[in-house]
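Residues per chain are reported as follows:
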Number of protein chains: 2
Amino acid sequence: MECYFDHVATTPLRPEVLEAMMPYFKEEFGNPLSIYPLGVNAREAVEKARAEVAALVNAKPQEIIFTSSGAEANNFALKGIAMARQYEGKHVIVTRMEHHSILNTARFLEKLGFAVTYVAPDSHGYIEPASIKKAITDETILISVIHASPEVGTIEPIREIAEVARERKISFHTDAVATVGNIPVDVKEMGVDLLSMSAHMFYGPKGAGALYIREGQRIIPLIFGGIQESGRRAGTENVPAIAGMGRAAELARAELPERMEHVRRLRDRLIEGIMKIEAVHFTGHPERRLPGHASFCVEYIEGEGMLLMLASKGIYAASGSACTSKALKASPVLLSMGIPTHVAHGSIVFTLGAENTEEQVGYTLEEFPRIINRLRELSPFARGWEDVKEGGTCTPKK
Amino acid sequence: MECYFDHVATTPLRPEVLEAMMPYFKEEFGNPLSIYPLGVNAREAVEKARAEVAALVNAKPQEIIFTSSGAEANNFALKGIAMARQYEGKHVIVTRMEHHSILNTARFLEKLGFAVTYVAPDSHGYIEPASIKKAITDETILISVIHASPEVGTIEPIREIAEVARERKISFHTDAVATVGNIPVDVKEMGVDLLSMSAHMFYGPKGAGALYIREGQRIIPLIFGGIQESGRRAGTENVPAIAGMGRAAELARAELPERMEHVRRLRDRLIEGIMKIEAVHFTGHPERRLPGHASFCVEYIEGEGMLLMLASKGIYAASGSACTSKALKASPVLLSMGIPTHVAHGSIVFTLGAENTEEQVGYTLEEFPRIINRLRELSPFARGWEDVKEGGTCTPKK
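Residues numbered from 1 in each chain as written. Chains lettered and ligands numbered in written order. Predicted model: local features only at pLDDT ≥ 70, side-chain atom pairs only at ≥ 80, totals over all residues. Heavy atoms only, no water.

Asker: What am I meant to see in the interface of chain B and chain A here?
Answerer: Reports often express the size of an interface as the amount of accessible area lost when the parts come together. Each partner contributes residues to the interface: chain B has 65 residues there, and chain A has 65 residues. Both sides together, the interface formed by chain B and chain A hides about 5,100 Å², and carbon and sulfur atoms give 71% of it. Scanning the region where chain B abuts chain A turns up 0 salt bridges. In this assembly, chain B and chain A are joined by 14 residue pairs in polar contact (both at pLDDT 80 or more). The set of elements that each furnish at least two residues to the side of chain B that touches chain A consists of α1 (15-21), α2 (37-57), α3 (70-85), α4 (100-111) and α9 (303-312) of chain B. Of the residues belonging to the side of chain B that touches chain A, the class tally is 35 nonpolar, 21 polar and 9 charged. (Contact = heavy atoms within 4.5 Å. Buried area = accessible area lost by both parts, 1.4 Å probe. Salt bridge = Lys/Arg side-chain N within 4 Å of Asp/Glu carboxyl O. Polar contact = N/O pair within 3.5 Å; in protein donor to acceptor, adjacent residues only side chain to side chain. Helix = DSSP H or I, 4+ residues; strand = E, 2+ residues; numbered from the N terminus. Nonpolar A, V, L, I, M, F, W, Y, C, P; charged D, E, K, R; others polar.)

Asker: Explanation requested: the relation of the copies chain B and chain A in the structure shown.
Answerer: Here two copies of a chain appear, and what relates them is a rotation about an axis with a shift along it. For the pair chain B and chain A, the best superposition has an RMSD of 0.0 Å and corresponds to a rotation of 180° with a translation of 0.0 Å parallel to the axis. Overall, the copies show the geometry of a two-fold rotation axis. A share of 100% of the interface residues of chain B reappears at the interface of chain A, consistent with the copies meeting face to face through the same patch. (Least-squares fit on C-alpha atoms with pLDDT ≥ 70 in both.)

Asker: Explain the packing of α2 of chain B against helix α8 (residues 239-274) of chain B here, please?
Answerer: When two helices pack together, their arrangement is captured by the angle between the axes and the distance separating the axes. Residue and element names in this part refer to chain B. It is at 8 Å that the axes of α2 and α8 come closest, and there the two elements cross at 35°. By crossing handedness, the relation of α2 to α8 is classed as left-handed. For the pair formed by α2 and α8, the contact residues are Ala-42, Ala-45, Val-46, Ala-49, Glu-52, Val-53, Ala-55 and Leu-56 on the first element and Val-239, Ile-242, Ala-243, Met-245, Gly-246, Ala-249, Glu-250, Ala-252 and Arg-253 on the second. (Axes fitted to C-alpha atoms, helices over the stretch in contact; angles between N-to-C directions. Left-handed = near helix turned anticlockwise from the far one by under 90°.)

Asker: I would appreciate a short explanation of the sheet that holds strand β7 (residues 194-198) of chain A in the present structure.
Answerer: Pairing between sheet strands relies on hydrogen bonds along the backbone, with the strands arranged either parallel or antiparallel. All names here are of chain A. Spatially, the 7 strands line up as an open sheet ordered β2-β8-β7-β6-β5-β3-β4, and their pairing is mixed. Edge positions in the sheet fall to β2 (64-67) and β4 (115-119), since each of these pairs with one other strand and no more. Across the sheet, the axes of successive neighbouring strands diverge by a mean angle of 20°, strand direction being ignored. The sheet contact formed by β2 and strand β8 (residues 209-213) spans 4 bridges and is antiparallel. Following the sheet pairing, Ile-65 is matched in β8 by Leu-211. Where helix α6 (residues 158-167) meets the sheet, it contacts β5 (140-144) and β6 (171-175), and its direction lies at approximately 160° from that of β6. (Pairing = 2+ DSSP bridges.)

Asker: Which parts of the structure should I look at to understand the packing of aromatic side chains?
Answerer: To describe a pair of aromatic rings, one takes the distance between the centres and the angle between the planes. One pass over the structure, following the stated rule, counts 17 aromatic pairs over all chains. On the numbers, 6.1 Å between centres and 80° between planes, the contact of Tyr-36 of chain A with Tyr-4 of chain B is edge-to-face. Of the two residues, Tyr-36 of chain A is situated in the loop between α1 (15-21) and α2 (37-57) and Tyr-4 of chain B in strand β1 (residues 3-4); the pairing between them involves two chains. Judged on exposure class, the residue Tyr-36 of chain A and its partner Tyr-4 of chain B are both buried. Through successive ring pairs, a cluster of aromatic residues spans Phe-5, Phe-282, Phe-296, Phe-350 and Phe-368 of chain A. Between the NZ or CZ atom of Lys-79 of chain B and the centre of the ring of Phe-108 of chain B, over which it lies, the distance is 5.1 Å. Sitting over the face of the ring of Phe-114 of chain B, Lys-90 of chain B holds its NZ or CZ atom 4.9 Å from the ring centroid. (Phe/Tyr/Trp six-rings, centres within 6.5 Å; stacked < 30°, edge-to-face > 60°. Buried < 20%, exposed > 50% of the residue type's maximum accessible area, 1.4 Å probe, protein only. Lys NZ or Arg CZ within 6 Å of the ring centre and 35° of its normal.)

Asker: Sorry, what's going on with the sheet that holds strand β12 (residues 347-351) of chain B here?
Answerer: Residues and elements named next belong to chain B. The 3 strands lie next to each other as β9-β10-β12, forming an open sheet whose pairing is antiparallel. Strand pairing shows two members of the sheet lacking a second neighbour, β9 (280-282) and β12, which therefore form its edges. Geometrically, the sheet is characterised by an average inter-axis angle of 25° between neighbouring strands, direction not taken into account. Packing against the sheet, α8 makes contact with β9, β10 (293-298) and β12, and its axis sits at approximately 15° to β10.

Asker: Quick question: what am I supposed to make of unusual backbone geometry here?
Answerer: Note on backbone geometry: most residues besides glycine have negative phi, and most peptide bonds are trans. All names here are of chain A. Its identity as a non-glycine residue notwithstanding, Tyr-300 has a phi of 75°, on the positive side. By the secondary structure assignment, Tyr-300 is in the loop between β10 (293-298) and α9 (303-312). According to the relative accessible area criterion, Tyr-300 is buried, its value standing at 2%.

Asker: Honestly, the domain arrangement of chain A in this entry has me stumped. Any pointers?
Answerer: Residues and elements named next belong to chain A. The domain architecture assigned to chain A consists of domain 1 (15-252) and domain 2 (256-381). Domain 1 and domain 2 are separated by 28 Å when their C-alpha centres are compared. Of the roughly 2,300 Å² buried where domain 1 meets domain 2, counting both sides, 60% is carbon and sulfur surface. At the boundary of domain 1 with domain 2, the tally comes to 0 salt bridges. At the boundary of domain 1 with domain 2, the tally comes to 12 residue pairs in polar contact (both at pLDDT 80 or more). Among the residues making up the side of domain 1 that touches domain 2, the classes are represented as 15 nonpolar, 11 polar and 5 charged. (Domains from an automatic or database assignment.)

Printed below as a string of structure tokens:
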């Protein structure tokens, strides 16, 4: 049996989405800036998609700027606001729950002379609005807080933090790559100034992301050039991918409650089953979490071993974030939550999607405990594990 | 009859290319960073494409970094080198022949405190290597010269300019978006340090570009985040588009001489026919030009009128650059070549491609003179035109 449980890495493309893209790979190949019909049709496809994406997050179409990815949207937001507002102050606040595209951009801003505060979460990966408030100085121009962590699934109190930011006239960005299309996202209700999203996180194509920029927010482009995207993001539009993102947004808006209910049911069963295994820790917030997200740390074994053994059984999961799976380092997000390094190394993340089934969850609940047992038998920490079983300490032996 | 003569705006996607992309829209939808088979297959597709793109320009695969567009590659090159080398000097040289993605990035660098010299071309749009040499100061860290202009087709003496740059240990970038896949491009033979390209300029998909970065060149990323592209360009890879770019590169390498010969023959016939019309000026270099590129300024009428009338006959061309067609300003490139504003307004550019035919050229040579006559009859400069016909001056009447 094959079970794809890595929907925070990428989602399969919906056939309806591919269908919406196909004309732009074939007869409608024009450049949206051209004034003849081929160009006009391409332009119309882009604007139709813009309206759909805007509708999904309750924005105005002119507030949506297409990018090539969520990472580009995050870079654009942070650097664009920092550059635009640097004369008002040079302090930026982010959190330790952020994706690498935020954290590494923040480090770049430090090199440009900005001061950056990295706010820590609690042990559930939750960011207290009060801890953001405490970090604010008179120099603060920008705060960026992830909407939900792809690693531990915790949903942050964006509305409350946005209020804190608004009181101080600080631009507020949220990285909503893991949430848009998966849970309700409403930029007005949340009160954010900027919001990043990515089509391939909600059954749309790779190569299409977007940044919501509230009307009136001044921003410096990341990609300079022609007059595309109202002069805010240059480069010939990736028309097929944008058309696909629009269609995926339309589907998400229509199907959201049903999708959430489906993955929540599967997730709860998966969590219940996996938590029966000895020395497995649930990570992230127990209630405030993505409906399809189940994440754990399995003591005494490494994430990589689990991933490979699971894959050999046709079960595809992640360890840490998608971008660190290959890096094989203990996830900084887990460490920031206070999880010890040796436990963080046993990170395993199952993220469920619309196409997953009860049978797949049942199969995984049969296979996963066996895999853990097998790996623990082989583990260099095996002796430590024996100690635990006999009532010893959780600290692995040297 | 329909005639697509705007191959510098975008090219139609080759069916073979779409075919190479399709698996990654369907069963092979994995994230290239994932370690299970779906991810590994996606990773292999990206690396296969990298090898093909590298082979097309005679680079090593590890010297190719995929981007979302030529504009992104240009921004990455200029900002990335400027940031990496700013402590050695803060002077950058570009030319007035550059694309907006270079010119507007150069202006941004000026705001960051860099000095930028904009070198002017001669009346053929040709950049004399001596004029680059003259612009170099002890502070110069970067020179960027376009390989060939999409507006006037002139091919610049990149090898000679690269030599000038190398002597002074200045990083040298060329925007080869209009040339890669259309004429031979060899990074070793040209001696460039960085080179931008775009898949949709050679029958590949939109959403895929690349920057060649010579081994050993240090560059600061434009998009920070995960470990994709050796940590130099973050964001989940647009796997289908990258696979398509690879296939398009493979096809270009195999078919280049044949493609060039085909468009050159059509272009020469088009130029010969159009130059028979009164008060039409050929723009760009008569010999050193893109084989499929025919560009003119038609006196006494506006480019927009011609484009619309041509489109009504099924003939799709451009005026100025693709990115200015909608801006409808006189092209800065034409002005920099010394063409008077009122003449530059009559810019018309036909760019031919592999699928164009002799019949299409014949049809255009019938229709275009009629369109010019009709527009000249309606033109606000009509009186001026009468003067010319009677031997008067070229300067239009107020």
